[in-house]
Amino acid sequence: MLSLGALFLSAFGAATLLPLQSEAVLVGLLLREPQAWALLLLVATLGNVLGSLVNWLLGRAIEQLRDKRWFPFSASQLQRAQQRYQRWGQWSLLLSWMPLIGDPLTLIAGIMREPFWRFLLLVTLAKGGRYIVVALVTLGWFHSG
């Protein structure tokens, strides 16, 4: 049970602006408990999607936060990100699993008022898909032999 909590927290934190690696935690747990793969994937995906939801909510409230000293993005960075999001639209959320660009994408989706249901669907597909690939590789399901 403690392992599931650690996985959830690492996945949640990794989806925010914290520099965490939830994949490493998932791989360790998959190697230790391969029979629990479905539960581990569910917990990792849930934590990661909820962390992205925090970014989306922050994006929705950004007008009140944008002038805070601790705010992690400059006005020009936000403007560039908004322009890219307008160019690629909601489909860019399928890249929300990627390091470095995924977290800002989910924040920008909130700023751009992406509908909740579409945000949730696309981010869950992207992040769940990434964890599925990690699990398949870890458990040797792609092993040719």
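Residues numbered from 1 in each chain as written. Predicted model: local features only at pLDDT ≥ 70, side-chain atom pairs only at ≥ 80, totals over all residues. Heavy atoms only, no water.

By the naming in an unreviewed UniProt entry, the protein goes by DedA family protein and is assigned to Pseudomonas muyukensis.

Engineer: What's the story with the overall build of the protein in this structure? I'm lost.
Structural biologist: Assigned secondary structure in the protein consists of 7 helices and 0 strands. Element order for the protein, N to C, with α for helix and β for strand: α-α-α-α-α-α-α. Taken against the 2.2 N^0.38 rule, which gives 15 Å for 145 residues, the C-alpha radius of gyration of the protein at 16 Å falls within 12% of a compact globule. Seen along its three principal axes, the alpha-carbon backbone of the protein occupies a region of about 50 × 30 × 25 Å. A total of 145 residues make up the protein; the buried ones form 41% of that total. In the protein, 73% of the contacts between residues at least 6 apart in sequence involve partners at least 24 apart. Looking at the protein as shown, the accessible area adds up to about 8,600 Å², and 68% of this sits on carbon and sulfur atoms. Side-chain charges in the protein split into 12 positive and 6 negative, and the spacing between the mean points of these groups amounts to 5 Å. (Helix = DSSP H or I, 4+ residues; strand = E, 2+ residues; numbered from the N terminus. Rg over C-alpha atoms; globule rule 2.2 N^0.38 Å. Buried < 20%, exposed > 50% of the residue type's maximum accessible area, 1.4 Å probe, protein only. Contact = heavy atoms within 4.5 Å. Areas by Shrake-Rupley, 256 points an atom, 1.4 Å probe, with all protein chains shown as cover. Lys, Arg positive; Asp, Glu negative; His and termini not counted. Charge placed at Lys NZ, Arg CZ, Asp CG, Glu CD.)

Engineer: Explain the pattern of salt bridges to me, please; I cannot follow it from the model alone.
Structural biologist: In a structure, side chains of opposite charge can pair up when their charged atoms sit close to one another. Applying the stated criterion across every chain, the model contains 3 salt bridges. Of the charged contacts, one joins Glu 114 and Arg 118 as a salt bridge, the two residues approaching to 2.5 Å between their closest N and O atoms. Judged by relative accessible area, Arg 118 falls into the partly exposed class, the value being 24%. (Salt bridge = Lys/Arg side-chain N within 4 Å of Asp/Glu carboxyl O.)

Engineer: Would you mind going over the packing of aromatic side chains with me for this structure?
Structural biologist: Evaluation of the coordinates by the stated rule reveals 3 aromatic pairs. For the ring pair Trp 56 and Phe 116, a centre distance of 5.6 Å and an interplane angle of 55° mean the geometry is tilted. With Trp 56 in helix α3 (residues 37–60) and Phe 116 in helix α7 (residues 116–138), this residue pair connects regions lying 60 residues apart in the sequence. When its relative accessible area of 40% is taken as the criterion, Phe 116 is described as partly exposed. Through a chain of ring-to-ring contacts, three or more aromatic side chains come together here, namely Trp 56, Phe 116 and Phe 119. The cationic tip of Arg 130 hangs over the ring face of Tyr 131; the distance from NZ or CZ to the ring centre is 4.2 Å. (Phe/Tyr/Trp six-rings, centres within 6.5 Å; stacked < 30°, edge-to-face > 60°. Lys NZ or Arg CZ within 6 Å of the ring centre and 35° of its normal.)

Engineer: I'm lost on the UniProt feature "transmembrane region" (unreviewed entry) in the protein in this one. Help?
Structural biologist: Taking the UniProt record as the reference, the feature "transmembrane region" (unreviewed entry) is found at residues 37–58 and 117–142. The annotated region residues 37–58 carries 100% helix and 0% strand content, and the separation between its end C-alpha atoms amounts to 32 Å. (UniProt positions renumbered as here; feature names shortened; annotations may be inferred.)

Engineer: I'm lost on a nonpolar patch on the surface in this one. Help?
Structural biologist: Among the surface-exposed residues, Trp 91, Leu 94, Phe 116, Trp 117, Leu 120, Leu 121 and Leu 125 lie close enough to one another that they form a single nonpolar patch of about 740 Å² accessible area. Along the chain, the position of Leu 94 falls in the loop between α5 (75–88) and α6 (102–111). Judged by its relative accessible area of 34%, Leu 94 falls in the partly exposed class. (Patch = residues over 30% accessible without salt bridge, like charges linked within 9 Å, V, L, I, M, F, W, Y side chains within 5 Å.)

Engineer: It is not clear to me how unusual backbone geometry should be interpreted in this structure. Could you clarify?
Structural biologist: What is expected of a backbone is that most residues other than glycine have negative phi and most peptide bonds are trans. A positive phi angle is found at Leu 100, which is not glycine, with a value near 70°. Locating Leu 100 in the fold gives a position in the loop between α5 and α6.

Engineer: I keep staring at α6 and nothing clicks. Help me out?
Structural biologist: Helical geometry note: an α-helix holds 3.6 residues per turn, so side chains three or four residues apart project in the same direction. Burial analysis of α6 places 9 of its 10 residues in the buried class, which makes it a mostly covered element. Of all the positions in α6, only Gly 102, Asp 103, Leu 105, Thr 106, Leu 107, Ile 108, Ala 109, Gly 110 and Ile 111 are classed as buried.

Engineer: Mind showing me how you'd approach the environment of Ser 22 here?
Structural biologist: Along the chain, Ser 22 falls in helix α2 (residues 22–32). Judged by its relative accessible area of 1%, Ser 22 is buried. Ser 22 sits 81 residues away from Asp 103 along the chain, and the two C-alpha atoms are 14 Å apart. Leave out the neighbours within four places in its chain, and Ser 22 touches Leu 7, Ser 10, Ala 11, Ala 14, Asn 48 and Tyr 131.

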